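# Commentary on secondary and tertiary structure
Letter by letter, the chains look like this.
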Amino acid sequence: MLVVHVSCHLDPAGRPPEELLAAWPTLTDVAAAAQGEDVEITVLQAAERDLVVNHGGVACHFVAERPSRAPARLIGSPPAAVGRRLVEQTRRLGPAIVHFHGLRFPFQIRGFTAGLRQTPVLVQEHKDRVPRVWRRPIHRWGLRDVAGVAFTARRQADPFLAQRVLRPGVSLFEIVETSSRFAPGDRGAARTRTGLVGDPCLVWIGHLNANKDPLTVLEAVRRAVPHLRDPHLWCVYRHAPLYDSVMEHIHGDVAWSRRVHLIGERPHADIEHILRAADFLVLGSHEEGSGFAVIEALACGTVPLVTDIPSFRRLTADGTVGGLAPPGDPERFAQMIVAWANRKGRDMRTAARAWFERQLSFEALGRDLRSAYRSLRGGA
């Protein structure tokens with residue numbers, strides 16, 4: 001069974017295909033995980049120019065494509081005119097299933113369902129929100145004929161169903177967006193390498209923005225300090241629109257400020273060592289499509305203390321291998337930190353890694369994808 005993975009997302013930086021393979025490893029990592037048994041994967045990626053390469057055992061077709069300039073109001077514009085070359089290339093390959101990445105592309109999705117009428121199309125959600133009211137008819141039209149939709153957590157589909165963006169009865173699958181190759185390691189060696197300290201040692205990995213809500217997490221840690229031995233919070237981030245607010249919060253208390261370390265951006269290879277050094281990952285997200293930092297933490301055996309949102313609930317086994325607190329509630333978050341700090345130990349790290357291997361590893365992801373493909377093919 002040939003399955004074609006399609007992404008219409010063009011690189012904003014305009015990098016050539018060879019650079020994208022290094023910058024976007026999930027292009028082929030997920031495809032490679034899904035291959036095996038009776039499933040073969042080919043990747044089609046919109047790019048600046050055409051190129052076909054074999055990367056990690058996966059055929060990857062970069063297809064020169066440009067985003068449609070058709071106004072959104074033109075619901076009836078010819079589907080073949082939107083992402084035409086991607087559709088044509090997919091048709092030539094003759095797949096049994098099309099796995100399309102992103103719910104935010106109604107015109108392109110329509111191009112595939114209309115252009116390959118006998119081929120089931122599975123759409124994977126990637127940080128997609130329910131569209132604004134005036135755009136919902138466009139998305140209903142574009143998604144009307146998809147065979148299935150994959151979310152990290154089933155509950156993420158509820159608002160799309162409630163607003164009729166997805167039709168009732170469409171097949172829904174719980175499948176994480178990606179996984180991680182990170183692995184557990186010696187915590188002492190990692191602390192020596194990174195310079196991280198703390199009891200507990202808390203790590204934040206994420207932008208300093210309103211959605212990830214660093215101010216709630218900072219306040220939670222501040223409230224937890226009197227109940228902990230020697231806590232330190234280490235913040236790794238790239239974009240920081242709330243940087244000034246974070247600095248104001250930190251420097252309001254000199255004794256408190258020495259426990260917060262804004263270390264900024266780090267190479268991705270360093271993140272594995274940072275997570276190995278940490279006792280806990282903390283994040284205050286109000287919504288996430290998945291949660292790559294949480295997946296990476298669990299891969300290292302590091303316990304996530306995060307917010308009670310659908311994707312994090314799924315990733316932490318409903319709070320079994322990590323803590324959950326309501327978004328925007330620093331008091332409940334502080335209580336969670338204290339409770340988990342009092343029970344930290346090797347067993348927690350072992351349980352976190354074991355859960356990752358069973359449900360979140362590339363092997364588990366590949367198993368879930370193959371199961372979804374067979375389900376859709378059987379119903380075609």
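This write-up is about the structure you can find in this document. (Residues numbered from 1 in each chain as written. Predicted model: local features only at pLDDT ≥ 70, side-chain atom pairs only at ≥ 80, totals over all residues. Heavy atoms only, no water.)

## Some words on the sheet that holds strand S14 (residues 323–325)
Read across the sheet, six strands follow the order S11-S10-S9-S12-S13-S14 without closing on themselves; strand pairing throughout is parallel. A strand with exactly one partner marks an edge of an open sheet, and here the two such strands are strand S11 (260–264) and S14. Between one strand axis and the next, the sheet turns by 20 degrees as a mean value, whatever way the strands run. The sheet strands contacting helix H8 (residues 214–224) are strand S9 (201–205), strand S10 (232–236), S11 and strand S12 (280–282), and the helix crosses S9 at an angle near 175 degrees. (Pairing = 2+ DSSP bridges. Helix = DSSP H or I, 4+ residues; strand = E, 2+ residues; numbered from the N terminus. Axes fitted to C-alpha atoms, helices over the stretch in contact; angles between N-to-C directions. Contact = heavy atoms within 4.5 Å.)

## Here's the deal with the nonpolar core
One finds Ile337 and Tyr373 to be the most contacted residues of the largest nonpolar core, which totals 92 residues. By residue number, the principal contributor to this core is helix H14 (residues 330–341), which donates seven residues. If near-sequence neighbours (up to four positions away) are discounted, Tyr373 is found in contact with Met1, Val3, His5, Ala34, Val39, Ile41, Ile97, His99 and Leu122. (Core = buried A, V, L, I, M, F, W, Y, C linked by side-chain atoms within 4.5 Å. Buried < 20%, exposed > 50% of the residue type's maximum accessible area, 1.4 Å probe, protein only.)

## Description of the environment of Arg187
Following the sequence through the fold, Arg187 ends up in helix H7 (residues 187–194). Put simply, Arg187 and Leu275 are 88 residues apart on the chain and 8.9 Å apart in space, counted from C-alpha to C-alpha. Residues within four places of Arg187 in sequence aside, it is in contact with Arg276, Ala277, Ala278, Asp279 and Arg349.

## A closer look at the packing of H7 against helix H11 (residues 268–277)
Relative to each other, H7 and H11 sit at 125 degrees, their axes nearing to 8 Å. On the basis of the axis angle, H7 is oblique to H11. Where H7 crosses over H11, the handedness of that crossing is left-handed. Contacts from Arg187, Ala190, Arg191, Arg193 and Thr194 of H7 reach H11 at His273, Ile274, Arg276 and Ala277. Partitioning the contact of H7 with H11 into residue classes produces three nonpolar, two polar and four charged. (Parallel < 35°, antiparallel > 145°, perpendicular 65-115°, else oblique. Left-handed = near helix turned anticlockwise from the far one by under 90°. Nonpolar A, V, L, I, M, F, W, Y, C, P; charged D, E, K, R; others polar.)

## Let's talk about the pattern of salt bridges
For the structure on display, the rule yields 22 salt bridges. Here Arg154 and Asp158 are joined by a salt bridge, their closest N and O atoms 2.9 Å apart. Take Asp158: its relative accessible area is 34%, and that puts it in the partly exposed class. Residue Asp279 is joined to Arg187 by a salt bridge in which the shortest nitrogen-to-oxygen separation is 2.4 Å. Of this pair, Asp279 sits in the loop between H11 and S12 while Arg187 sits in helix H7, and the two are 92 residues apart along the sequence. Through salt bridges that share partners, Glu219, Arg222, Arg223 and Glu331 make up one connected network. (Salt bridge = Lys/Arg side-chain N within 4 Å of Asp/Glu carboxyl O.)

## Let's talk about the packing of aromatic side chains
Counting across every chain of the model gives four aromatic pairs. Measuring from centroid to centroid gives 5.7 Å for Phe151 and Phe160, while their planes differ by 50 degrees, and the two rings are tilted. Judged by its relative accessible area of 1%, Phe151 is buried. Cluster of aromatic residues (ring-pair linked, three or more members): Phe100, Phe105 and Phe112. Lying over the aromatic face of Trp340, Arg343 brings its terminal NZ or CZ to 3.9 Å of the ring centre. (Phe/Tyr/Trp six-rings, centres within 6.5 Å; stacked < 30°, edge-to-face > 60°. Lys NZ or Arg CZ within 6 Å of the ring centre and 35° of its normal.)

## Observations concerning the packing of helix H3 (residues 84–93) against helix H4 (residues 106–115)
Interaxial distance between H3 and H4 falls to 10 Å at its minimum, and their mutual angle equals 35 degrees. Considering only the axes of H3 and H4, their crossing is right-handed. Counting all contacts with H3, which are made through Leu86, Val87, Thr90 and Arg91, the residues of H4 involved are Gly111, Phe112 and Gly115. Class assignment of the residues belonging to the contact of H3 with H4 gives a composition of three nonpolar, three polar and one charged.

## What about the sheet that holds strand S6 (residues 121–124)?
Taken together, eight strands build an open sheet; the order of strands is S3-S4-S2-S1-S5-S6-S7-S8 and the sheet is mixed. Of all strands in the sheet, those with a lone pairing partner are strand S3 (51–55) and strand S8 (171–174), marking the two edges. Averaged over neighbouring strand pairs, the angle between their axes works out to 20 degrees when direction is ignored. Helix-sheet contacts for H3 involve strand S1 (2–7), strand S2 (40–47), strand S4 (58–64) and strand S5 (97–101), and the interaxial angle to S2 is about 160 degrees. Sheet strands in contact with H4 are S1, S5 and S6, and its direction is about 175 degrees off that of S5.

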